[in-house]
Amino acid sequence: MSTGTSTPSKQLLSREASAFQRELEVERILKAFKLNPYDILDIDESSKPEGIKRRYRQLSLFIHPDKTPHARAPDAFDLLKKAESELSDTAKREALDATIAEARLQLLRSHGFSTSTQDDDPKLRGLVPSFKVQLRAKVKDLLIEEEVRRRKAIKMNLANEGLEARKKEEEIATRKRKAEEDKTWEESRETRVDSWRSFNNTTKKKKKTKAQILG
C-alpha cells in the first residue's frame, strides 16, 4: 500500500520543487542588472552566439508565463528576450564587450597588476571579494556612467530640438504677422488714396478761393 502512494508523492514534490525553482529564476532575472544582458541571461561574456541562443531558449521555456505562476513572469520573459536581442546585435555586443574590457583594465591597474594578467593568475585568486565579483561591480559602474551620459545627450538633443522648434514657430508667426500687415496695408490703400485726393481737392479749392478774394 505504501509503495503505491510513494511514487505520486515524489512526483508532486518534484513538481513543487520545479515550480519553486521557476519562481526563483524569475526573481533572479528581475534582480539582475538591467544594463548588462550577460547578467540577465546569467552567461559568460566569452559565450558564442549559438551558446547565447541556446541559453535564451532554455531560460525562456523554463520561466515562460504559461508555466510559471509568478505574477511578474511576463516581465522576466521580456527581459530575457531583450537581453538575447542585444547580444545578437553585433554592434551592441561589441560596445558592451569593450566596456567590460575597459572595466577589467581599470580593475587590474587599481590593484597594481599588469594589464596582461590572465584570469587564472594566482594573484587574482587571492583577492577578496573575488576578481570576478569586483569586475562585475566595475562593469556595472561603467555601464551606469554610459547610461547617464546617453540620457544627458538625449535630453540635450531634445532641448536643442525644442529650441529649434520654438525658433521656427517664431519665424512662422513673424511671417504671418508681416503678411497680415501687408494685407491690411493693401486693403487700406484705396482709403488712403481717397483721403489724399480729398485733401488735395480741398487744398486747391482753398487756394482758388483765396486767389479770387485777393484778385
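Residues numbered from 1 in each chain as written. Predicted model: local features only at pLDDT ≥ 70, side-chain atom pairs only at ≥ 80, totals over all residues. Heavy atoms only, no water.

Under an unreviewed UniProt entry, the name given to the protein is DnaJ-domain-containing protein, and the organism recorded is Suillus subaureus.

J.: Can you break down the packing of helix 3 (residues 49-62) against helix 4 (residues 73-88) residue by residue, with the values?
T.: Helix packing for two helices is described by the angle between their axes and how far apart those axes are. The interhelical angle for the contact between helix 3 and helix 4, taken along N-to-C directions, is 175°, at an axis separation of 10 Å. For the element pair helix 3 / helix 4, the angle class is roughly antiparallel. The segment helix 3 lies against helix 4, with Ile-52, Lys-53, Tyr-56, Leu-59 and Ser-60 engaging Phe-77, Leu-80, Lys-81, Glu-84, Leu-87 and Ser-88. Across the contact of helix 3 with helix 4, the residue classes break down as six nonpolar, two polar and three charged. (Axes fitted to C-alpha atoms, helices over the stretch in contact; angles between N-to-C directions. Helix = DSSP H or I, 4+ residues; strand = E, 2+ residues; numbered from the N terminus. Parallel < 35°, antiparallel > 145°, perpendicular 65-115°, else oblique. Contact = heavy atoms within 4.5 Å. Nonpolar A, V, L, I, M, F, W, Y, C, P; charged D, E, K, R; others polar.)

J.: Just give me the short version of the pattern of salt bridges, but keep the residues and values in it.
T.: All chains considered together, the criterion is met by 10 salt bridges. Linking Asp-39 and Arg-136 is a salt bridge whose minimum nitrogen-to-oxygen distance equals 3.6 Å. On the criterion of sequence distance, the pair formed by Asp-39 in helix 2 (residues 37-41) and Arg-136 in helix 7 (residues 131-187) is long-range, its members being 97 residues apart. Among the residues examined, Asp-39 registers a relative accessible area of 14% and is labelled buried. (Salt bridge = Lys/Arg side-chain N within 4 Å of Asp/Glu carboxyl O. Buried < 20%, exposed > 50% of the residue type's maximum accessible area, 1.4 Å probe, protein only.)

J.: Can you explain a nonpolar patch on the surface? Please cite residues and give values.
T.: On the surface, Leu-35, Ile-144 and Val-148 cluster together into a nonpolar patch covering about 200 Å² of accessible area. Checked against the element boundaries, Leu-35 lands in the loop between helix 1 (2-31) and helix 2. (Patch = residues over 30% accessible without salt bridge, like charges linked within 9 Å, V, L, I, M, F, W, Y side chains within 5 Å. Areas by Shrake-Rupley, 256 points an atom, 1.4 Å probe, with all protein chains shown as cover.)

J.: Please set out the packing of helix 4 against helix 5 (residues 90-110) residue by residue, giving values where relevant.
T.: Running from N to C, helix 4 and helix 5 cross one another at 90°; their axes reach a closest spacing of 5 Å. Accordingly, the angle class assigned to the pair helix 4 and helix 5 is roughly perpendicular. Mapping the contact onto sequence places Glu-86, Leu-87 and Ser-88 in helix 4 and Thr-90, Lys-92, Arg-93 and Leu-96 in helix 5. Residues of the contact of helix 4 with helix 5, tallied by class, amount to two nonpolar, two polar and three charged.

J.: Break down the nonpolar core for me, with residues and values.
T.: Core analysis: the biggest nonpolar cluster contains 33 residues, and Ile-29, Ile-40, Leu-41, Ile-63, Leu-80 and Phe-131 have the highest contact counts within it. Counting residues per element, the ones that place at least two in this core are helix 1, helix 2, helix 3, helix 4, helix 5 and helix 7. In terms of residues, this core owes the most to one element, helix 4, which gives seven residues. (Core = buried A, V, L, I, M, F, W, Y, C linked by side-chain atoms within 4.5 Å.)

J.: Go over the side chain of Thr-117, please, and point to the residues and values.
T.: With respect to the secondary-structure elements, Thr-117 resides in the loop between helix 5 and helix 6 (122-125). Overall, the relative accessible area of 5% leaves Thr-117 in the buried class. There is a polar contact of 2.6 Å between the side chain of Thr-117 and the backbone oxygen of Ser-114. Each residue touching Thr-117, except ones within four places of it in the same chain, is listed here: Arg-104, Leu-108 and Leu-124. (Polar contact = N/O pair within 3.5 Å; in protein donor to acceptor, adjacent residues only side chain to side chain.)

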